[in-house]
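# Structural overview
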Amino acid sequence: MAALLKPDDAAGVPPIRVVLADDEAMIRAGVRAILASDPGIEVVVEAGDGHAAVELVRAHRPRVALLDIRMPRLDGLAAAAEIRRVVPDSATIMLTTFGEDDHVARALGHGASGFLLKAGDPRELIGVHAVADGGAYLSPRVARRVIELGADRLARRPAARERAAGLTEREREVLALVGAGLSNAEIARRLHLVEGTVKSYLTSIFTRLDVRNRVQAAILAYEAGLVDG
């Protein structure tokens with residue numbers, strides 16, 4: 001695996017301190033070796049799960065946390081959200097073998113400043129420098145998809161909002177929670193309703209929006225801007 005292109009080593013400038021989290025030791029070793037080829041980056045500690053990553057970021061206060069998305073105990077997306085809450089000065093970059101749209105959207109929604117694919121060019125890890133400097137870095141493949149999704153979603157948003165505007169306020173609340181992935185029981189608890197009432201609302205929502213199932217309703221909720229993140 002190729003090494004990073006080394007930038008000029010500026011005298012007196014401390015290296016970028018990084019916490020690296022991945023549940024696969026071999027992946028951590030490979031990423032660490034690549035980062036070690038850059039004198040401007042220092043991996044201060046490694047974690048094998050998301051919960052440990054949050055605790056180590058809290059303890060070491062690195063400039064960047066490089067997080068795998070799929071980890072035990074706490075996945076990288078949830079870890080990024082928690083790091084943003086407890087150590088806001090530490091930026092996060094998501095590192096994954098997966099490029100699904102929902103992962104990208106959720107990672108960026110949780111405040112991640114970068115998104116890199118493990119299958120990408122190892123030199124893309126130079127994005128650590130951009131993020132440490134307060135910028136953002138997306139793998140070129142991810143960046144292209146974000147642009148495509150953004151343009152497509154913007155085109156659909158007015159129509160989705162117009163359809164959702166025909167719902168009652170309570171129906172929009174239920175639809176937003178469907179979009180957020182909550183079950184009927186969870187929606188009932190959140191809105192202090194009985195589950196049967198939630199089912200009645202969903203029947204009305206499906207009819208009013210002319211959607212056939214929960215998945216289509218969730219997509220429309222997201223496109224209409226009813227779901228945060």
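Every chain begins its residue count from 1, and numbering advances along the sequence as written. A pLDDT threshold of at least 70 governs which residues receive local features in this predicted model, and a stricter bar of 80 or more applies before side-chain atom pairs are shown or counted, although totals over entire chains, interfaces and linings include all residues. In computing side-chain properties, one takes all heavy atoms of the structure into account and sets aside hydrogens as well as water.

### A look at the overall build of the protein
Under the convention used in this document: Strands here are runs of E lasting at least two residues and helices are runs of H or I lasting at least four, both read from the DSSP assignment and numbered beginning at the N terminus. A simple rule labels every residue: compare its accessible area, found with a 1.4 Å probe on the protein chains alone, to the largest value its type can have, and call it buried under 20%, exposed over 50%, or partly exposed in between. We call two residues in contact when some of their heavy atoms are within 4.5 Å. The accessible surface values rely on the Shrake-Rupley method and a 1.4 Å probe; as for residues, cover is taken only from the protein chains in view.
Secondary structure summary: the protein contains 10 helices and six strands in total. Going through the 229 residues of the protein one by one, you find that 40% of them count as buried. Taking as baseline every contact in the protein between residues at least 6 positions apart, the subset at least 24 positions apart corresponds to 64%. Put simply, the protein shows about 11,900 Å² of open surface, and 53% of that area lies on carbon and sulfur atoms.

### Structural notes on helix H7 (residues 169–179)
Think of an α-helix as turning once every 3.6 residues; residues three or four places apart then point the same way. For H7, every residue scored as buried is listed here: Glu171, Val174, Leu175, Ala176, Leu177 and Val178. For H7, the secondary structure elements touched by its buried residues are helix H8 (184–191), helix H9 (195–209) and helix H10 (214–223). Looking one or two places after H7, you find Gly181, whose phi comes out positive at around 90 degrees.

### Concerning the pattern of salt bridges
Let me state the cut-off plainly: One speaks of a salt bridge when a side-chain nitrogen belonging to Lys or Arg is within 4 Å of a carboxyl oxygen belonging to Asp or Glu.
A full pass over the atoms with the stated rule returns 11 salt bridges. Between Asp49 and Arg73 there is a salt bridge; the shortest N-O distance is 3.4 Å. With a gap of 24 residues between them, Asp49 in the loop between strand S2 (41–47) and helix H2 (50–60) and Arg73 in the loop between strand S3 (64–68) and helix H3 (76–86) connect regions that are remote in the sequence. Between Glu55 and Arg58 there is a salt bridge, with its nearest N and O atoms 3.4 Å apart. Pair noted here: Glu55 and Arg58 are both in helix H2, with a separation of three residues, about one helical turn. Given the relative accessible area of 34%, Glu55 is considered partly exposed. Residue Arg58 is classed as partly exposed on the basis of its relative accessible area of 34%. Where salt bridges share partners, they join Asp22, Asp68 and Lys118 into one cluster.

### A word on the nonpolar core
Note the cut-off: Residues belong to one nonpolar core when they are buried, are Ala, Val, Leu, Ile, Met, Phe, Trp, Tyr or Cys, and are joined through side-chain atoms within 4.5 Å.
Grouped together as the largest cluster of nonpolar side chains are 24 residues, with contacts concentrated most on Ala21, Val57, Leu67, Ile83, Met94, Ala107 and Phe115. The set of elements that each furnish at least two residues to this core consists of strand S1 (16–21), S2, H2, S3, H3, helix H4 (101–109) and strand S5 (114–117). In terms of residues, this core owes the most to one element, H3, which gives five residues. Setting aside anything within four residues of it in sequence, one finds Ala107 in contact with Leu77, Met94, Ala112 and Phe115. Listed in part, the 22 residues of the second largest apolar core include Leu167, Ala188, Leu202 and Val211.

### Focus on the side chain of Ser139
Note the threshold: Here a polar contact means two N or O atoms within 3.5 Å. Within protein one must be a hydrogen donor candidate and the other an acceptor candidate, and residues neighboring in sequence count only if both atoms are side-chain atoms.
In this fold, Ser139 is placed in the loop between strand S6 (137–138) and helix H6 (140–164). Accessibility expressed as a relative area gives 1% for Ser139, which makes it buried. Looking at Ser139, its side chain comes within polar contact range of the side chain of Glu124, at 3.2 Å. Excluding residues that lie within four positions of it along the chain, Ser139 makes contacts with Phe115, Leu116, Leu117 and Glu124.

### Quick look at unusual backbone geometry
Even without a glycine there, the phi angle at Arg73 is positive, about 70 degrees. By relative accessible area, Arg73 is classed as exposed at 64%. Phi is positive for Asp210, which is not a glycine, with a value near 60 degrees. Look at Asp210 and you get exposed, because its relative accessible area is 67%.

### Brief notes about the confidence of the model for the protein
Keep this limit in mind: Looking at any residue, its pLDDT shows the predictor's confidence there, from 0 to 100.
Here the protein shows a mean pLDDT of 85. Residues at 70 or above account for 87%. In the predicted structure, residues 1–10 sits below a pLDDT of 50 and forms 24 contacts with residues beyond four places in sequence or in another chain.

### Remarks on the packing of H8 against H9
Here is the rule: Note on geometry: axes are lines fitted to C-alpha atoms, helical ones only across the stretch in contact, with angles between N-to-C directions running from 0 to 180 degrees. For classification purposes, angles smaller than 35 degrees are called roughly parallel, those larger than 145 roughly antiparallel, those between 65 and 115 roughly perpendicular, and all remaining angles oblique. By the convention adopted, Pro, Cys, Tyr, Trp, Phe, Met, Ile, Leu, Val and Ala count as nonpolar, Lys, Arg, Asp and Glu as charged, and the other residues, Gly among them, as polar.
Direction vectors running N to C along H8 and H9 enclose 105 degrees, while the axes themselves pass 8 Å from each other. With respect to their mutual orientation, H8 and H9 come out roughly perpendicular. Residues Asn184, Ala185, Ile187 and Ala188 of H8 lie in contact with H9, whose contacting residues are Glu195, Val198, Lys199 and Leu202. Within the contact of H8 with H9, the residues separate by chemical class into five nonpolar, one polar and two charged.

### Some words on the pairing of S2
Where we set the bar: Only when DSSP finds a minimum of two bridges between them are two strands counted as paired.
Two elements, S1 and S2, share six bridges in a ladder whose sense is parallel. Paired with Leu20 across the two strands is Glu46, which belongs to S2.

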